[in-house]
Amino acid sequence: MRSAEGISFIAEGIQWPLLPGKKGRMERSSTGTATAILSAALRAHGSTGAVKMADELLTVSGGKWRFGYQKYMVELTRLMAEATTDVVNNMGRAGLVAAQSKFVFLRNGETLSLQVAMDSPMFTYETGHVVGAGNNSPSAPVSVPYNKQSYSPEVVPELLKTFVRNGDMEDSVRAGVSSVLSMDKRVFEDLSDLYVVLIGATSEMGPLDFLLEHGANVIALARQGEKKWNKLIEKARNSRGQLYFPTTDAASANMGAFAGADALKHTPEIAQWLSQLLPGKKFLIHSLIYLDGEKYVRASMAMDAIVEKVTAARKKVKPGLLYIGTPSSAHLVPSSCKTRADEFFHRAPLWQKALFFFGLLKRNKYLELQNQNGYVVVDALSGVQGPNYALAKFLQNWRALLARTEEGQFVSVNIAPPAMTASVMHAPKIAAAAPFLPLFKPNMMYYPDTVSALLSIMLLADIRNEKSLSHPGTPLVHPMQLVAEQAWHGGSWSAPFTSDSTGVAAYLCHLCKKATPIFVIALVGTVVYLALRH
């Protein structure tokens, strides 16, 4: 069955709550839930203006939310950026508490609160374990594939300098990567000391291959599927690493048939399994699941529930938290991004300025801040991705900030550029526009293998460099600096035009190219016709 908002009802697992809808019917509502969550975060700011906006937000629904959510998220970001650490934490905590109180867990025909469900696992997973054939020699060379070449550690920093000069990467990324690649090579070639939980292990952007190749201990979570798991298990067997995974029959010779767990449906059982697995080891939990539309919010809630439960259970050796951030949100960014955007606008070709003049291309918006020298807020939200995607990323950022500044946990958040993953390129218009995006400097899209390899090294830089912002002992000027720095944004933070309007213009470029042969044929036909008449 489907609600009026198009949210599918599932038999069990994390689900949106039922709220009064049209004609008094109860419907599973993403809009009412999202506005309540953001309203709670705004209210926690405490200022008159924030409370007024929080009240207003509760009256927004339907198309007014779908096409007007950006202003609320941008203002929420601005308020957090200008607030003290305590207020930032209060706002993030209020948002997460509101989300936890709203979402429900369906199981065996019953509707449970998320907290009750997480405290009530119904069965216990066993542990599957695979030791790679090369585990006795875990060290392996590091390289980054890009533009049909393979870049070694010695030349990767030079490659990143070109990305920085092009405007699609912040220099803090180059500095961080250079710092780890300048260390003894064993620091980045041998990862046998790391225990990394991958919630969404098959993510194209994730570090699974890199970790196994360099001897890490990978705790993999992915949905069931014999073919998929046989491939994962075989990959682990041929690697230098070790693979741990939940299974319902660890003794079976056909391990793939019983491996895997669904984070949205078996959330309590996964949390229990991770809490008890390899006691005393420091876990790094990577929240990697991406799903389309409203499912991404539910997936984020599931990953957060697991993170919170496992952190509480393993409090003697608190796990670190890992996230891949998105550039397409409202962000605190270095003020140099605004300066570069102005420079790119002045250097834009005349045809792009003509598109701007006629309103097709729209300027990126930057908000100056009262007490944050060196930073501004950019509205890089994408209307194409919609409010559910934005909400999911807000939830992840709130958890990251709270864990880092209040709980004293290691937290790595690295912004990743647009990548030509299957989940992105399955949309025909996006696939058609992608090749033309680089015409609008400094925007870039990268192949997944480049992004995955470089993100893995960026993560490693956070882990190995004890002075990185990820480590709780490193002072932060502001909590949101954790997300603002180490950003490989693909150009959107420094672009003169918004990502939405640039995407439309890039698609028009595709249509023009597609229509060119028709225009040429018509032109030739006209010339021949006129010549014959004379």
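Figured I'd write up the structure that's included with this text.

## Here's the deal with the overall build of the protein chain
Step number 1: Of regular secondary structure, the protein chain possesses 21 helices and 17 strands.
Step number 2: Rg of the C-alpha trace for the protein chain: 24 Å, near the compact-globule value of 24 Å for 534 residues, within the 12% margin.
Step number 3: Over its C-alpha atoms, taken along the principal directions, the protein chain stretches across nearly 90 × 60 × 50 Å.
Step number 4: A burial count over the protein chain gives 54% of its 534 residues as buried.
Step number 5: In the protein chain, of all internal contacts separated by at least 6 residues, the share reaching a separation of at least 24 is 77%.
Step number 6: Of the roughly 23600 Å² of accessible surface on the protein chain, a fraction of 57% belongs to carbon and sulfur atoms.
Step number 7: A distance of 6 Å separates the average location of the 54 positive side-chain charges in the protein chain from that of its 43 negative side-chain charges.

## A few points about the pattern of salt bridges
Any two side chains of opposite charge can pair if their charged atoms end up close together.
Step number 1: The final tally for this structure, using the stated rule, is 21 salt bridges.
Step number 2: Residues Arg-78 and Glu-82 are paired through a salt bridge, measuring 2.7 Å at the closest nitrogen-oxygen approach.
Step number 3: The residue Glu-407 makes a salt bridge to Lys-318 at a minimum N-O spacing of 3.6 Å. In this pair, Glu-407 sits in the loop between helix H16 (386-405) and strand S17 (411-415) while Lys-318 sits in the loop between helix H13 (294-313) and strand S13 (320-325), placing the two residues 89 residues apart along the sequence.

## Section: the side chain of Ser-328
Step number 1: Counting through the fold element by element, Ser-328 comes out in the loop between S13 and strand S14 (330-334).
Step number 2: Here the side chain of Ser-328 touches Thr-326 through a polar contact of 2.8 Å, side chain to side chain.
Step number 3: Of the polar contacts made by the side chain of Ser-328, one reaches the side chain of Gln-385; its length is 2.7 Å.
Step number 4: Every residue in contact with Ser-328, bar those within four places of it in the chain, is listed here: Ala-380, Leu-381, Ser-382, Gln-385 and Tyr-389.

## Considerations on unusual backbone geometry
Step number 1: Going from Lys-441 to Pro-442, the amide bond is cis rather than trans, its omega being 10°.
Step number 2: The topology assignment puts Pro-442 in the loop between helix H18 (428-433) and helix H19 (448-464).
Step number 3: A positive phi angle is found at Lys-148, which is not glycine, with a value near 65°.
Step number 4: Mapped onto the elements of the fold, Lys-148 is located in the loop between strand S7 (144-146) and strand S8 (149-151).

## Re the environment of His-214
Step number 1: Here His-214 is to be found in the loop between helix H10 (208-213) and strand S10 (217-221).
Step number 2: For the pair His-214 and Ala-140, spaced 74 residues apart in sequence, the C-alpha separation works out to 5.5 Å.
Step number 3: Filtering out sequence-adjacent residues up to four positions away, His-214 remains in contact with Pro-138, Ala-140, Pro-141, Val-142, Phe-188, Glu-189, Asp-190, Leu-191 and Ser-192.
Step number 4: Reaching out from His-214, the side chain makes a polar contact with the backbone oxygen of Ala-140 at a distance of 3.2 Å.
Step number 5: Polar side-chain contacts of His-214 include one of 3.1 Å to the backbone oxygen of Pro-141.

## Section: a nonpolar patch on the surface
Step number 1: The grouping of Val-504, Leu-508 and Leu-511 at the surface amounts to a nonpolar patch, some 220 Å² of accessible area in total.
Step number 2: In this structure, Val-504 sits in helix H21 (residues 499-533).
Step number 3: In this structure Val-504 comes out as partly exposed when scored by relative accessible area, which is 43%.

## A look at the packing of aromatic side chains
Step number 1: This structure, assessed with the given rule, holds 19 aromatic pairs.
Step number 2: Through successive ring pairs, a cluster of aromatic residues spans Tyr-146, Tyr-151, Phe-163, Tyr-446 and Trp-488.
Step number 3: Between Arg-314 and the ring centre of Phe-283, over which it is positioned, the NZ or CZ distance is 3.7 Å.
Step number 4: Directly above the ring of Phe-345 sits Arg-363, whose terminal nitrogen or CZ lies 4.2 Å from the centroid.

## Describing the sheet that holds strand S1 (residues 13-15)
Step number 1: The antiparallel open sheet is built from three strands, whose spatial order is S1-S4-S5. Strand pairing shows two members of the sheet lacking a second neighbour, S1 and strand S5 (110-113), which therefore form its edges. For this sheet, the mean inter-axis angle between neighbouring strands, taken without regard to orientation, is 40°.
Step number 2: Note that strand S4 (residues 104-107) and S5 share four bridges and pair antiparallel. Across the sheet, residue Leu-106 finds its bridge partner in S5, namely Thr-111.

## Some words on the packing of helix H4 (residues 69-81) against H16
Step number 1: Interaxial distance between H4 and H16 falls to 11 Å at its minimum, and their mutual angle equals 15°. With respect to H16, the axis of H4 lies roughly parallel. As H4 runs across H16, the sense of the crossing is left-handed. Contacts between H4 and H16 involve Tyr-69, Met-73, Leu-76, Thr-77 and Met-80 on the former and, on the latter, Gly-386, Pro-387, Ala-390, Leu-391, Phe-394, Trp-398 and Leu-401.

## What to know about the sheet that holds S10
Step number 1: Judged by pairing direction, the sheet is mixed, and its seven strands sit side by side in the order S6-S11-S10-S9-S12-S13-S17 without closing on themselves. Taken across any chain shown, the strands that pair with only one partner, and hence form the sheet edges, are strand S6 (126-131) and S17. When strand polarity is set aside, the average angle formed by the axes of neighbouring strands in this sheet is 20°.
Step number 2: Pairing geometry for S10 and strand S11 (residues 242-247), over three bridges, is parallel. Each bridged residue has a counterpart across the sheet, and for Ile-219 the counterpart in S11 is Tyr-244.
Step number 3: Taken strand by strand, H16 contacts S13 and S17, and its axis lies near 145° from that of S13.

Thresholds applied
Residues numbered from 1 in each chain as written. Predicted model: local features only at pLDDT ≥ 70, side-chain atom pairs only at ≥ 80, totals over all residues. Heavy atoms only, no water. Helix = DSSP H or I, 4+ residues; strand = E, 2+ residues; numbered from the N terminus. Rg over C-alpha atoms; globule rule 2.2 N^0.38 Å. Buried < 20%, exposed > 50% of the residue type's maximum accessible area, 1.4 Å probe, protein only. Contact = heavy atoms within 4.5 Å. Areas by Shrake-Rupley, 256 points an atom, 1.4 Å probe, with all protein chains shown as cover. Lys, Arg positive; Asp, Glu negative; His and termini not counted. Charge placed at Lys NZ, Arg CZ, Asp CG, Glu CD. Salt bridge = Lys/Arg side-chain N within 4 Å of Asp/Glu carboxyl O. Polar contact = N/O pair within 3.5 Å; in protein donor to acceptor, adjacent residues only side chain to side chain. Patch = residues over 30% accessible without salt bridge, like charges linked within 9 Å, V, L, I, M, F, W, Y side chains within 5 Å. Phe/Tyr/Trp six-rings, centres within 6.5 Å; stacked < 30°, edge-to-face > 60°. Lys NZ or Arg CZ within 6 Å of the ring centre and 35° of its normal. Pairing = 2+ DSSP bridges. Axes fitted to C-alpha atoms, helices over the stretch in contact; angles between N-to-C directions. Parallel < 35°, antiparallel > 145°, perpendicular 65-115°, else oblique. Left-handed = near helix turned anticlockwise from the far one by under 90°.

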